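# Structural characterization, general
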Amino acid sequence: MLLAPRHLSRLRATIGLFTRYGLADFAKQQGLHGLGIEPEELEEARGGSVAEKAVAFRHRLVELGPAYVKLGQVLSTRPDLMPPSYIEELTRLQDDVPPIAFEEIDRIIGEELGGRLSKLFDEFDREPLGSASLGQVHAARLRDGRPVVVKVQRPGIRAALADDILFFNELAGFLAAHTAAGQRIDMVGIVQQLERALADELDYRVEARNAATLRRNLAGFPRILVPRVIEAYTTERVLTTERIRGIKIGEVSAFSRIEHDFTPVVDELTRAYLQQICIDGHFHADPHPGNVFIVFPEHQNPMTPSEARASNRRASIRPAQTPLAQMNLDAVAAAPLPPPDIDVKLALIDFGMTARLPTTLREQVVRLLMDLADNRGDDVAATMIEVGHALEGFDRASYVRDIAALVTRNYDLSVGDVRTGQVLHDVIDISFQHRLRLPAELALLAKALFTLDLVTRTLDPSYSPIETVRQFGAQIAADRARREMSPRRLFQLAVESGDLMRSLPHRLDLITERLSSNEFETRISAPQLDHLESALQKVANRIFSGAVLAGLLIASAMLMPYRRALGTTGFVLAAALGLWMVVTILIADRRGRR
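The present account deals with the structure reproduced in this document. (Residues numbered from 1 in each chain as written. Predicted model: local features only at pLDDT ≥ 70, side-chain atom pairs only at ≥ 80, totals over all residues. Heavy atoms only, no water.)

### Some words on the nonpolar core
- If you look at the biggest cluster of nonpolar residues, it comprises 75 residues, and the most contacted ones within it are Leu-346, Met-384, Tyr-399 and Leu-459.
- It is helix H21 (residues 440-459) that contributes the most residues to this core, nine residues altogether.
- Counting 37 residues, the second largest nonpolar core, distinct from the first, contains Leu-11, Val-74, Tyr-86 and Phe-168. (Core = buried A, V, L, I, M, F, W, Y, C linked by side-chain atoms within 4.5 Å. Buried < 20%, exposed > 50% of the residue type's maximum accessible area, 1.4 Å probe, protein only. Helix = DSSP H or I, 4+ residues; strand = E, 2+ residues; numbered from the N terminus.)

In structure tokens, the structure reads:
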């Protein structure tokens, strides 16, 4: 249960998140006040600017542990829950934890890979490259000389996270059952999204498959480098990949900006993400600056699929023995030869958080991006309504007007000021304000594009993705037209049409036969009829009770001159009946609003 003794500290910490850091109004809306919040904490929440409170909120999430860090990442995709300043701050959310003892790293690698560290690796750095709440990364060198990075899962992390997730599930169920916001917002769905994300990140084999899939899918972009997974050195708790040597996005010097042209690689990164979203339906959902590296020509790095193809001199290709190895062969086979003018490349790492778009949603997202690029605000609103689910109180005309105004304002900005991710974030924010519930995948997409904006603007402040979106949309339309007119598609249409023509006479015969025998039936589904019947029954009951009350009052008044005691009794009964009617009406109406 929610208030079990072992959950009290978590409950207090969670409530404190939304009362001590400038989010008291949100806590009040959720009904969190009165559950042990001290007055001095509320007083403390009044001081400081919004930006300072957002930074303190982010730091507190890190202090509470990995489950809360992941919760913050999920909240960063929910403009219906968090103010814009907090969402922007949560995009910078990163772990800050003490390193794991090297003896533990040695033990886990030995258990997972079945050998001693000295036998598995030629070199293995004792000092970690980085340490996070879920794992730790070390530099190493394989026996064949290849430099790699080894990510090892933090010991005991699964048990700690399991208790946090159990608490989050119980808290979400409580909010959904007892608050108005819990009925408007899918609290349980948020926790399930958090649970799925953690489950994927705790199984490094999932991240390995994601990395291999994205390396294959992005093989057509010679300036994008996705490191290969070393499959023989990868298990559920250990992940080994090729090592990337580069510079983080925020550390690029002014001299490098003058010496190198970043526009081609920024444009290629944008196109790579458009392909992931619009064609593959599987995209890297966390391209924050810490997961993107600039790779200069002087850095020694693994080869891209294009470079691997150009350097391959073998007459025959050795067949792959595993699915991941086959994905790498497919990547090399599909890659174009690298152009001679490649200057800098971009390397992507950390594929624990990816997202998949169903086919229907993918097509809707393509239309949405094209409508945003072409300043078609009404069409943007129509697509969002088609994607989402309108809740009670949704006003379509007002929603379309606000979306059209937003799109127009952003279309009039100068080229360098257009931010596609921010626009999509604002569209989602307006949708939630107008009571339009959207799928979680759309929020992840907005977060990915928002972070992509930060990366591209850091490398090339004058770059605008609008023209790239238009060109990519035109390319998708042309490719789709070619597929629709291909001989295979025409043959498929001919077969389907033939099946229809063969079955049509029999179906018409069945319809006319049932019409002639008076057996033709039409079924109409009206889910609101039960509610309408209940409402009419309630009105009839109130009218009947009111008529009885009126009759009792009139009869009592007529008896007062002749039989005062009986008339007084009638007035007392009428008062009691009236009071009962008022109380039951108020209680019923309050339950109906919940």
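### Details of the packing of helix H14 (residues 263-280) against helix H17 (residues 359-373)
- Packing of H14 against H17 leaves a shortest axis separation of 8 Å and a crossing angle of 130°. In this view, H14 runs oblique relative to H17, as classed from their interaxial angle. Facing H14, whose interface residues are Leu-274, Ile-277, Cys-278, Ile-279 and Asp-280, H17 presents Arg-362, Val-365, Val-366 and Leu-369.
- For the contact of H14 with H17, the per-class residue count stands at seven nonpolar, no polar and two charged. (Axes fitted to C-alpha atoms, helices over the stretch in contact; angles between N-to-C directions. Parallel < 35°, antiparallel > 145°, perpendicular 65-115°, else oblique. Contact = heavy atoms within 4.5 Å. Nonpolar A, V, L, I, M, F, W, Y, C, P; charged D, E, K, R; others polar.)

### As for the sheet that holds strand E9 (residues 292-295)
- Taken in spatial order, the four strands make up an open sheet running E5-E10-E9-E7, and their pairing is mixed. Of all the strands in the sheet, the pair left with one neighbour each is strand E5 (224-225) and strand E7 (247-248).
- Here E7 pairs with E9 via two bridges, running antiparallel. Its bridge partner lying in E9, Lys-248 is registered against Phe-293. (Pairing = 2+ DSSP bridges.)

### Digging into a nonpolar patch on the surface
- A cluster of nonpolar side chains, contributed by Met-501, Leu-504, Leu-508, Ile-511, Leu-515 and Phe-520, occupies part of the molecular surface with about 580 Å² of accessible area.
- With respect to the secondary-structure elements, Phe-520 resides in the loop between helix H23 (487-516) and helix H24 (529-559). (Patch = residues over 30% accessible without salt bridge, like charges linked within 9 Å, V, L, I, M, F, W, Y side chains within 5 Å. Areas by Shrake-Rupley, 256 points an atom, 1.4 Å probe, with all protein chains shown as cover. Salt bridge = Lys/Arg side-chain N within 4 Å of Asp/Glu carboxyl O.)

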